[in-house]
Amino acid sequence: MSTSRQVRLARRPEGEPTDDTFAFEEHELPDLEDGQLLLRVVYLSLDPYMRGRLSDAASYADPVGVGEVIVGGTVCVVEESRDPSYDVGDVVLSYSGWQTHAVAGAAHVRKLDPSSAPISTALGVLGMPGFTAYAGLLEIGKPQPGETVVVAAATGPVGSAVGQIAKVKGARAVGIAGGEKKRQALLEDFGFDVALDHRSPTFADDLAAAVPDGVDVYFENVGGPVTREVLRHVNLYARMPVCGLVADYNASAAPEGRDRLPGFMRLVLTKSLLVRGFIQGEFVKSHTRDFVRDMSGWVADGSVRYREDVVEGLDAAPEAFRGLLTGANFGKLLVRVSHDPTR
Ligand SMILES: NC(=O)c1ccc[n+]([C@@H]2O[C@H](COP(=O)([O-])OP(=O)(O)OC[C@H]3O[C@@H](n4cnc5c(N)ncnc54)[C@H](OP(=O)(O)O)[C@@H]3O)[C@@H](O)[C@H]2O)c1
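Okay, so let's go over this structure.

Conventions adopted
Within each chain, residue numbers correspond to sequence positions counted from 1 in written order. For this predicted model, a pLDDT threshold of at least 70 governs which residues receive local features, and a threshold of 80 or more governs which side-chain atom pairs are given and counted, while totals over whole chains, interfaces and linings are taken from all residues. The side-chain values count all of the structure's non-hydrogen atoms but skip hydrogen atoms and water molecules. Each helix is a run of H or I in the DSSP string that is no shorter than four residues. Each strand is a run of E no shorter than two, and both are numbered from the N terminus. Burial classes: relative accessible area under 20% of the type maximum marks a residue as buried, over 50% as exposed, and values in between as partly exposed (1.4 Å probe, protein chains only). Whether two residues touch is decided by their heavy atoms; if any such pair falls within 4.5 Å, the residues are in contact. Positive charges come from Lys and Arg alone, negative charges from Asp and Glu alone, with His and the N- and C-terminal ends not counted. Charge coordinates come from a single atom per side chain, which is NZ of Lys, CZ of Arg, CG of Asp or CD of Glu. Pairing of aromatic side chains here covers Phe, Tyr and the six-membered ring of Trp, requires ring centres within 6.5 Å, and sorts the geometry by plane angle: under 30 degrees stacked, over 60 edge-to-face, intermediate tilted. The term polar contact refers here to a pair of N or O atoms within 3.5 Å; inside protein, the definition further demands a hydrogen-donor-capable atom paired with an acceptor-capable atom, and it admits residues adjacent in sequence only when both atoms are side-chain atoms. At least two DSSP bridges between two strands are required for those strands to pair. Crossovers are described as right-handed under a simple rule: with the strands pointing away from the observer, the path leading from the first strand over the helix to the second runs clockwise. Only a single heavy atom is needed: when it lies within 4 Å of a molecule or strand, its residue is near that molecule or strand. All accessible areas in this document rest on Shrake-Rupley with a 1.4 Å probe, and a residue is counted as covered only by the protein chains that are shown. Asp, Glu, Lys and Arg are counted as charged, while Ala, Val, Leu, Ile, Met, Phe, Trp, Tyr, Cys and Pro are counted as nonpolar; the rest, among them Gly, fall into the polar class. Each domain span listed reflects an automatic or database assignment of domains.

Glancing now at the overall build of the chain. Secondary structure summary: the chain contains nine helices and 15 strands in total. Here the C-alpha coordinates of the chain stretch approximately 65 × 45 × 35 Å along the principal axes. Within the chain, the proportion of its 343 residues that are buried is 50%. Within the chain, residue pairs in contact and separated by at least 24 positions form 68% of the contacts whose partners lie at least 6 positions apart. Where the 35 positive side-chain charges of the chain centre and where its 46 negative ones centre are 6 Å apart.

Another aspect to go through is unusual backbone geometry. For residues besides glycine, phi is generally negative; the peptide bonds are generally trans as well. In this structure, Ala 153 is a non-glycine residue whose phi angle is positive, near 50°. Residue classification places Ala 153 among the partly exposed positions, given a relative accessible area of 35%. One non-glycine residue with positive phi stands out, namely Tyr 237, at about 65°. Among the structural elements, Tyr 237 can be located in strand 12 (residues 234–242). What makes Tyr 237 exposed here is its relative accessible area of 54%.

With that out of the way, let us pick up the packing of aromatic side chains. Any aromatic ring pair is given by two values, namely how distant the centres are and how the planes are angled relative to each other. If you walk through the whole model with that rule in mind, you get seven aromatic pairs. The interplanar angle of 10° and the centroid separation of 5.6 Å between the aromatic rings of Phe 22 and Trp 98 together place this pair among those described as stacked. With Phe 22 in strand 2 (residues 22–28) and Trp 98 in the loop between strand 5 (91–94) and strand 6 (101–105), this residue pair connects regions lying 76 residues apart in the sequence. Taken as a pair, Phe 22 and Trp 98 share a single burial class, namely buried. Taking 6.1 Å as the distance between ring centres and 45° as the angle between the ring planes, the aromatic pair formed by Tyr 134 and Trp 298 counts as tilted. Of this pair, Tyr 134 sits in helix 2 (residues 128–141) while Trp 298 sits in helix 8 (residues 284–301), and the two are 164 residues apart along the sequence. The class of Trp 298 is buried, set by a relative accessible area of 11%. Taken together, the aromatic side chains of Phe 131, Tyr 134, Phe 291 and Trp 298 make up a single cluster linked through ring pairs.

Attention shifts here to the environment of Lys 111. Summarising the element assignment, Lys 111 is placed in strand 7 (residues 110–111). For Lys 111, a relative accessible area of 40% gives the class partly exposed. Once residues lying within four places of it in the same chain are set aside, the contact partners of Lys 111 are Ser 85, Tyr 86, Asp 90, Val 91 and Val 92. Engagement of the side chain of Lys 111 in a polar contact is seen with the backbone oxygen of Ser 85, the distance being 2.8 Å. Side-chain polar atoms of Lys 111 contact the side chain of Asp 90, separated by 3.4 Å.

This part takes up the pairing of strand 13 (residues 274–277). Relative to strand 13, strand 12 is paired through four bridges, and the arrangement is parallel. Bridged to Arg 239 within strand 13 is Leu 274. Taking the sense of rotation as the criterion, the β-α-β connection linking strand 12, helix 7 (residues 261–270) and strand 13 turns out right-handed.

It is worth spelling out the site of the ligand at this point. Neighbouring the ligand are 26 residues; Lys 182, His 198, Asn 221, Gln 280 and Asn 329 lie closest to it. In this structure, Asn 221 approaches the ligand through a main-chain N or O atom, which is 2.7 Å from an oxygen atom. Here Asn 329 contributes a side-chain N or O atom positioned 2.6 Å from an oxygen atom of the ligand. Relative to its free-state accessible area of 910 Å², the ligand is covered by the protein chains to the extent of 92%. Counting only elements with at least two residues in the shell around the ligand, the list comes to helix 2 and helix 3 (157–168). Of the residues that constitute the shell around the ligand, the class distribution is 16 nonpolar, nine polar and one charged. Residues from two domains meet in the shell around the ligand; each of domain 1 (2–124 + 306–336) and domain 2 (128–281 + 290–301) gives at least three.

This next bit is on the side chain of Thr 148. Tracing the chain through its elements places Thr 148 in strand 8 (residues 148–151). Assessed through its relative accessible area of 4%, Thr 148 is described here as buried.

All right, on to the pairing of strand 9 (residues 172–177) then. Most of strand 9 is tucked away: five of the six residues are buried. Examined bridge by bridge, strand 8 and strand 9 share four bridges and lie parallel to one another. Note that in strand 9 the partner of Val 150 across the bridge is Val 174. Where strand 9 and strand 10 (residues 194–197) come together, four bridges link them in parallel fashion. By the bridge assignment for strand 10, Gly 175 is matched with Ala 195.

Right, dumping it as structure tokens:
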């Protein structure tokens with residue numbers, strides 16, 4: 001019998017998750033049945049959507065129950081197999097959550113080829129976040145050559161891919177990130193045309209100077225004050241794929257101040273804006289084949305670069321997750337739960 005060290009939801013957070021949101025427990029795993037695999041988690045992906053799963057507010061997916069293991073995408077090594085398609089040592093993409101080991105049905109994992117790309121990229125640029133950027137930008141944003149595309153959280157896995165795909169399509173990419181180091185990385189590592197720091201006191205003026213021809217696509221990752229500023233510059237027929245609102249994920253009450261909805265709706269009307277929310281799963285059937293072909297090609301030829309922020313050990317997950325919601329991460333946030341056998 002194997003044991004798994006797990007992080008379970010101890011209580012639902014009000015606002016920012018605290019230490020007592022999470023409970024570490026040892027749990028005995030059941031013996032394998034036919035068609036099942038015993039997995040050792042190598043990388044756990046930490047993603048902003050997990051904050052929504054810790055709450056029981058109505059959403060597009062069921063919340064994690066109190067007492068349950070927190071959900072999450074993982075890259076794992078097969079330690080024991082009772083399925084003929086998998087051998088011990090195979091590396092797989094799975095959804096094992098915040099734990100060191102898991103039992104999974106072979107039908108619920110996907111084999112990865114470590115010789116084609118670093119295995120961690122299956123959780124980032126070549127995985128769900130990269131796919132989100134690809135499908136949301138191309139299907140809804142539809143950037144045209146010469147147009148201006150703006151994205152915030154721009155050093156993260158979604159935002160950095162959005163900016164670089166926009167460049168591949170011949171658009172001008174304006175990236176917004178928190179702090180000077182991230183701003184520099186947007187220019188030097190990711191090739192954005194202009195990079196802005198949303199924490200700078202001159203942000204509003206910097207943005208106005210960065211988009212002299214207005215904004216044609218605003219890929220909405222954050223909400224909050226950044227979005228309020230960008231909306232001042234949208235062009236007629238601008239497109240706004242609404243991907244995420246991470247600035248509000250820890251909010252426990254509606255923002256103070258006047259109701260901004262009428263002003264926003266007037267803008268949607270007078271600028272003929274396309275505002276379209278999406279959850280990436282909607283596009284999996286229609287866009288996965290093209291994504292795999294295009295994105296692996298762009299990563300291989302250097303048109304799309306990526307950055308990872310790897311923290312060590314499952315114990316580091318709660319603190320790293322809190323930081324993800326406030327910008328402490330710098331790149332795709334991963335937990336190395338155990339040794340990566342491909343390195
Ligand atoms: N719709 C979907 O299917 C889907 C799928 C995946 C992700 N998403 C969404 O896409 C967005 C980006 O995800 P990601 O995985 O790439 O995350 P990420 O960029 O690695 O991490 C979130 C970033 O948000 C920024 N941020 C936090 N609070 C902010 C604020 N008040 N104002 C401006 N920026 C703030 C921080 O960057 P700075 O330090 O640069 O501010 C932080 O690093 C999130 O909203 C996420 O929920 C949606």
